[in-house]
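# Architecture and fold: a report
What follows is each chain in one-letter form.
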Amino acid sequence: MPADELRAPADQRLATPAIPDPIAFLMNAVPEIEGRMPWSSNATFLVTLRCDGVDGPVEQQAIYKPVRGERPLWDFEPGLHRRERAAYLLSEHLGVGVVPPTVIRDGPLGEGSFQWFVDADHSEHYFTIFEQYEHLHDQCRDIAVLDILANNTDRKSGHCLLAGDRVWAIDNGLCFSSPYKLRTVIWEFGGEPIDEVLLDRVAPMVERIPVDIAALLDDDEIAAMQRRAIALVTERRLPDDDSGHRYPWPLI
C-alpha cells in the first residue's frame, strides 16, 4: 500500500458510509457502558455509542476513560484524558494517523476521553508484529517518532494493536511530561534515519506547538516538547537506549 495511504488521517481511514465523520460521532452519539476493561490500572470502560442515521440506528464501540476513575500518580496531575486527546492530535499533525480518533466529552461517569475502539487481533502486539511482519516496520517507526516527541513513559508491546494492515497505538495517557523519561519497547530501529517527510512535519514544532495540542498541556510541558522537537530535527535519527533501562514494565 502506498505510504500516503498508510499515513492517511485516522478518522479518514475509519470512516464508513454510516459514520462518515468518526470524530463528530464520538462527540455526539449517546454512550452506554458495556463493562470495565480488564487489567487496566485506571477505570477504563468499553461503551457502545449510538445515534440515529439516515438508514436507521448506528452504533460503534469506544473506550471511555473518565477522570474520576484515575488513580493518583506522583508524576502526573489528574486529567490523563487530556493527554490521550493530545496524543491523537499529535499523531494527526505528524500525518502518521496511528492513534485512533479520540475526543474529550461528558459521559456516564463524568468527563473523560472517548477513543474509537479498534477491532484488533489481540494475539498480536509489538514484539510479534516486529518479528513476523517486516512490511509493517515503517508504521512502527512512525509510532517510535510519535512516542519520542510525546515523551511516552509507557509504550508497552500490548499498546500496539494490529487490525488488518494497520498498527494502532493506544493507551497514550502517560505522555507529555516535562522531565525526559521515555519508556518504550520500540528500540529495534535505534540509529536509523528518520523519514524526511516526517521530519518536515516535526520542524515547525521547534518554534510553535500546534494550538490545539498546547491548550491541553502546561507551559513547561510545551517547552519540553519543543526541546524534543529540536533534538529530533538536529539528530535526524531514532535514538538508541544505551542504558538498557528505558523499557516499561510489564513489557506487554
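Let me begin by describing the structure that accompanies this report.

Each value, and the rule that gives it
Residues numbered from 1 in each chain as written. Predicted model: local features only at pLDDT ≥ 70, side-chain atom pairs only at ≥ 80, totals over all residues. Heavy atoms only, no water. Helix = DSSP H or I, 4+ residues; strand = E, 2+ residues; numbered from the N terminus. Rg over C-alpha atoms; globule rule 2.2 N^0.38 Å. Buried < 20%, exposed > 50% of the residue type's maximum accessible area, 1.4 Å probe, protein only. Contact = heavy atoms within 4.5 Å. Lys, Arg positive; Asp, Glu negative; His and termini not counted. Charge placed at Lys NZ, Arg CZ, Asp CG, Glu CD. Phe/Tyr/Trp six-rings, centres within 6.5 Å; stacked < 30°, edge-to-face > 60°. Lys NZ or Arg CZ within 6 Å of the ring centre and 35° of its normal. Patch = residues over 30% accessible without salt bridge, like charges linked within 9 Å, V, L, I, M, F, W, Y side chains within 5 Å. Areas by Shrake-Rupley, 256 points an atom, 1.4 Å probe, with all protein chains shown as cover. Salt bridge = Lys/Arg side-chain N within 4 Å of Asp/Glu carboxyl O. Pairing = 2+ DSSP bridges. Axes fitted to C-alpha atoms, helices over the stretch in contact; angles between N-to-C directions. Expected span 1.5 Å × (residues − 1). Polar contact = N/O pair within 3.5 Å; in protein donor to acceptor, adjacent residues only side chain to side chain.

## Concerning the overall build of the protein chain
On a plain count of helices and strands, the protein chain comes out with nine helices and seven strands. In terms of overall size, the protein chain behaves like a compact globule, its C-alpha atoms giving a radius of gyration of 18 Å where 252 residues would be expected to give roughly 18 Å. Residues classed as buried in the protein chain amount to 51% of the 252 residues present. The contacts of the protein chain with a sequence gap of at least 6 include a subset with a gap of at least 24, amounting to 69%. Each charge sign in the protein chain was given a centre, from 24 positive and 42 negative side chains, and these centres are 5 Å apart.

## Considering the packing of aromatic side chains
Under the counting rule described, the total for this entry stands at five aromatic pairs. Relative to Phe 114, the ring of Tyr 64 has its centre 4.4 Å away and its plane inclined at 20 degrees; by these criteria the two rings are stacked. Linking Tyr 64 in strand 3 (residues 56-66) with Phe 114 in strand 5 (residues 110-116), this pair joins segments that are 50 residues apart in sequence. An aromatic cluster is present here, built from Tyr 126, Phe 127, Phe 130 and Phe 189 joined pairwise through their rings. Above the plane of the ring of Phe 114 lies Arg 105, whose end atom (NZ or CZ) is 5.0 Å from the centre.

## Structural notes on the environment of Leu 109
Note on placement: Leu 109 falls in the loop between strand 4 (102-107) and strand 5. Considering only alpha carbons, one finds Leu 109 and Ser 91, 18 residues apart in sequence, at a separation of 27 Å. Leu 109 has contacts with Ile 33, Phe 45, Tyr 64, Pro 66 and Arg 68, leaving out every residue within four places of it along the chain.

## Digging into a negative patch on the surface
On the surface, Glu 77, Asp 218, Asp 219 and Asp 220 cluster together into a negatively charged patch. Positionally, Asp 219 belongs in helix 9 (residues 219-235).

## Quick look at the sheet that holds strand 4
Ordered by their spatial adjacency, five strands build an open sheet running 1-2-3-5-4, and the pairing between neighbours is antiparallel. In the strand order of this sheet, the two ends are held by strand 1 (30-36) and strand 4, each with one partner. If you compare each strand with its neighbour and ignore which way they point, the axes differ by 40 degrees on average. Taken together, the six bridges between strand 4 and strand 5 define a ladder with antiparallel strand orientation. Within strand 5, the position partnered with Arg 105 by the bridge is Gly 112. The sheet strands contacting helix 4 (residues 80-94) are strand 3, strand 4 and strand 5, and the helix crosses strand 4 at an angle near 150 degrees.

## Topic: helix 4
The terminal C-alpha atoms of helix 4, which comprises 15 residues, lie 21 Å apart, in line with the 21 Å expected from a rise of 1.5 Å per residue. Regarding helix 4, the residues found buried are Leu 80, His 81, Arg 83, Glu 84, Ala 86, Ala 87, Tyr 88, Leu 89, Leu 90, Ser 91 and Leu 94. Within two residues after helix 4, Gly 95 carries a phi angle of roughly 75 degrees, on the positive side.

## What to know about the side chain of Thr 102
In this structure, Thr 102 sits in strand 4. A polar atom in the side chain of Thr 102 sits 2.7 Å from the backbone oxygen of Pro 100. Discounting chain neighbours no more than four positions away, the residues touching Thr 102 are Ile 23, Leu 26, Glu 84, Arg 85, Tyr 88, Ser 113, Phe 114 and Gln 115.

## Focus: helix 9
Relative to the 24 Å expected for 17 residues at 1.5 Å per residue, helix 9 spans 25 Å between its end C-alpha atoms, a close match to the ideal helical length. By the burial criterion, the buried members of helix 9 are Glu 221, Ile 222, Ala 224, Met 225, Gln 226, Arg 228, Ala 229, Leu 232 and Val 233. As for helix 9, its buried residues are in contact with helix 4, helix 6 (137-150), helix 7 (196-202) and helix 8 (211-214). Phi turns positive, to about 60 degrees, at Arg 236, one or two residues after helix 9.

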